[in-house]
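Topology and contacts: notes
As a plain string of letters, each chain reads:
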Amino acid sequence: MNDFTESEERVELRKAVAKLAAKYGQEYFLTKARAGEKTTELWLELAKNGYLGVNLPEEYGGGGGGLGDVAAVLEEVGAAGCPLLLMVVSPAICGTVIAKYGTAEQKQHWLPGIADGTETMAFAITEPDAGTNSHNITTTARRDGDGWVLNGRKIYISGLDESKNVLVVARTETVDESGQKTGKLKPCLFVVPTDAPGFTFTPIPMEFVSPELQFQVFIDDVRLPADALVGHEDGGLVQLFAGLNPERVMAASFATGLARFALGRAAAYAQERTVFSTPIGAHQAIAHPLAQAHIQVELARLMTQKAAALVDAGEDLAAGEAANMAKYAAAEASCFAVDTAVHTFGGNGLTQEYGMGALVAASRVMRIAPVSREMILNFVAMHSLGLPKSY
Ligand SMILES: Cc1cc2nc3c(=O)[nH]c(=O)nc-3n(C[C@H](O)[C@H](O)[C@H](O)COP(=O)(O)OP(=O)(O)OC[C@H]3O[C@@H](n4cnc5c(N)ncnc54)[C@H](O)[C@@H]3O)c2cc1C
């Protein structure tokens, strides 16, 4: 990034992705979702053109770009009406963690398939009892000969039905020098095949209209080889955070893409719909909220680009703060933009034909996931403002 503008390459990337995604559009996306089908053609076409793995290392089939590039891809597909949730997890979380902490064999094994779209990888941290408090997760990895045995439960895991593997956050038991268990648990990351014996998942019926589904997961004595562990057993939270800052930046881009789509549609509708001799967009009651939403979205996009640039520069601490702020700002902007857009359409805002109502639940997703609005406010209050911890 330079002088608050994106590089020429990034601008060209955006244009190319926007053009590709426009061939599909919201009608395609919602029709697939409502029919219980997948948007595989779009996913594979993005991959074939190098956009899906644009952030992954070139030697493993990626484009050698940064998080800012893959975030731009996600924002543009969203702005065309195709918000692809699995882009948040597969190339951005799983791809980043494996590229950063995987062995050469693990990178060779998993990254090319993530980049070319044939080996989508899901990500599982959330648990029913821990919820927002991911320090409380109880999925446990026990040593078993050379390998591992995993047990636990996960919830709201996206895309398991279209992923061959899932990166699971589990905890290993720590032992002291004499080999006794200390009771402390360390977070570790494991690649688990979704067809592994003992790994079962069932869809959660959601009101969110998307071809990408959420699942609850049961992990019962799932045996894994030693090389299923990504990174070092003692690497702890640092390795996890390698994936979480990209996750927040991608969530922000999902939200701004969605918001841009909603505002584009609403502005066009406000130009053409006339009920009192002028287009409804001539009434400030309609125009001003749309303008306010546009401003909020542009502010959130700027913060998202800053956060991505900090991640790409390896400034992890500053990136953490900026990525949280970007995710917060983008989710709020998106909820306001979608709400305003739906209202602009009047009754048509709630019909299936206009596709606006479907955006309501989608816009709420990023207020809750991957980290809720309240937890970001807690983070900013404590870390940016030095206020006491409230929980
Ligand atoms: C569509 C969708 C897709 C998802 N995909 C994935 C995925 O692929 N992988 C994955 O691992 N997870 C996924 N998630 C899970 C998501 O990350 C969690 O839903 C989220 O972290 C919140 O956890 P929870 O739902 O248990 O809410 P809870 O933890 O039960 O929280 C409920 C409410 O209480 C508030 N709250 C809790 N504690 C505090 C506090 N200390 N201060 C103030 N407020 C508080 C929260 O902010 C929230 O508003 C997905 C969720 C959705 C909805």
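Reading guide: rules and limits
- Residues numbered from 1 in each chain as written.
- Predicted model: local features only at pLDDT ≥ 70, side-chain atom pairs only at ≥ 80, totals over all residues.
- Heavy atoms only, no water.
- Helix = DSSP H or I, 4+ residues; strand = E, 2+ residues; numbered from the N terminus.
- Rg over C-alpha atoms; globule rule 2.2 N^0.38 Å.
- Buried < 20%, exposed > 50% of the residue type's maximum accessible area, 1.4 Å probe, protein only.
- Contact = heavy atoms within 4.5 Å.
- Areas by Shrake-Rupley, 256 points an atom, 1.4 Å probe, with all protein chains shown as cover.
- Domains from an automatic or database assignment.
- Buried area = accessible area lost by both parts, 1.4 Å probe.
- Salt bridge = Lys/Arg side-chain N within 4 Å of Asp/Glu carboxyl O.
- Polar contact = N/O pair within 3.5 Å; in protein donor to acceptor, adjacent residues only side chain to side chain.
- Near = heavy atom within 4 Å.
- Nonpolar A, V, L, I, M, F, W, Y, C, P; charged D, E, K, R; others polar.
- Expected span 1.5 Å × (residues − 1).
- Arc of directions from axis to C-beta.
- Phe/Tyr/Trp six-rings, centres within 6.5 Å; stacked < 30°, edge-to-face > 60°.
- Core = buried A, V, L, I, M, F, W, Y, C linked by side-chain atoms within 4.5 Å.

For the rest of this paragraph, the subject is the overall build of the protein chain. Within the protein chain one finds 11 helices and 8 strands. Its C-alpha radius of gyration of 21 Å places the protein chain within 12% of the 21 Å reference for a compact globule of 391 residues. Along the longest, intermediate and shortest principal axes, the C-alpha atoms of the protein chain span 85 × 50 × 40 Å. Here the protein chain holds 391 residues, and the buried ones make up 52% of them. Residue pairs at least 24 apart in sequence account for 72% of intrachain contacts in the protein chain once pairs closer than 6 positions are excluded. When the accessible surface of the protein chain is split by element, carbon and sulfur atoms take 54% of a total near 18000 Å².

Parsing the protein chain into structural domains produces domain 1 (8-120), domain 2 (124-230) and domain 3 (237-384). Computed from C-alpha atoms alone, the centre-to-centre distance between domain 1 and domain 2 is 24 Å. Domain 1 puts 21 residues into the contact, and the matching count from domain 2 is 21 residues. Of the roughly 1700 Å² buried between domain 1 and domain 2 on both sides combined, carbon and sulfur atoms contribute 63%. Put simply, domain 1 and domain 2 have 3 salt bridges between them. In this structure, Lys-38 and Glu-162 form a salt bridge, with 3.7 Å as the shortest nitrogen-oxygen distance. Where domain 1 packs against domain 2, one counts 8 residue pairs in polar contact (both at pLDDT 80 or more). When contributions to the side of domain 1 that touches domain 2 are tallied by element, the ones reaching two or more residues are helix H2 (25-34), helix H5 (86-101) and helix H6 (104-115). The element contributing the most residues to the side of domain 1 that touches domain 2 is H5, with 5 residues.

On to the site of the ligand. Lining the immediate surroundings of the ligand are 20 residues, of which Thr-126, Thr-132, Tyr-156, Ser-372 and Glu-374 lie closest. Thr-126 places a polar side-chain atom, nitrogen or oxygen, 2.7 Å from a nitrogen atom of the ligand. The separation between an oxygen atom of the ligand and a polar main-chain atom of Pro-370 is 3.4 Å. A total of 970 Å² of accessible area belongs to the ligand in isolation, and the protein chains cover 70% of it. Looking at the shell around the ligand, the elements with two or more residues in it are strand S1 (121-124), strand S3 (147-158), helix H10 (358-368) and helix H11 (373-384). Taken together, the residues of the shell around the ligand sort by class into 12 nonpolar, 7 polar and 1 charged.

One full turn of an α-helix is made of 3.6 residues, so residues set three or four places apart face in the same direction. Between the first and last C-alpha of helix H8 (residues 284-312) there are 41 Å, a value that for 29 residues agrees with the 42 Å anticipated at 1.5 Å per step. Where H8 terminates, the next one or two residues include Gly-314, which has phi positive at roughly 75°.

With 15 residues, helix H1 (residues 8-22) ought to run about 21 Å at 1.5 Å a step, and its terminal C-alpha atoms sit 21 Å apart, in line with that. Those residues of H1 that fall on the buried side of the exposure criterion are Arg-10, Leu-13, Arg-14, Val-17, Leu-20 and Ala-21. All buried residues of H1 lie within an arc of 135° about the axis, which places them on one face of the element. Opposite the packed face of H1, turned more than 90 degrees from it, sit the exposed residues Glu-8, Lys-15, Lys-19 and Ala-22. On its buried face, H1 sits against H2, helix H3 (40-48), helix H4 (67-79), helix H7 (237-272) and H8.

So, on to the environment of Leu-189. In this fold, Leu-189 is placed in strand S5 (residues 181-193). Residue class for Leu-189 comes out buried when judged on its relative accessible area of 3%. Along the backbone, Leu-189 and Ser-363 are 174 residues apart, and their C-alpha atoms lie at a distance of 29 Å.

Scanning all chains against the criterion turns up 7 aromatic pairs. Between Trp-148 and Phe-190, the ring centres sit 5.1 Å apart and the planes meet at 70°, which makes this aromatic pair edge-to-face. Here the residue Trp-148 occupies a position in strand S3, and Phe-190 occupies one in strand S5, the gap between them amounting to 42 residues. Side by side, Trp-148 and Phe-190 carry an identical accessibility label, which is buried. Ring-pair connections join several aromatic residues into one group, and the members of that group are Phe-199, Phe-201 and Phe-215.

Among the structural elements, Glu-105 can be located in helix H6. The exposed category is assigned to Glu-105, whose relative accessible area is 60%. Sequence spacing of Glu-105 and Asn-151 is 46 residues, and the spatial spacing of their C-alpha atoms is 26 Å.

One recurring pattern in soluble globular proteins is that nonpolar side chains are buried together. Counting 96 residues, the largest nonpolar core has Leu-46, Leu-84, Met-87, Phe-123, Leu-167 and Met-250 as the members making the most contacts within it. No other element matches the 16 residues that H7 contributes to this core.

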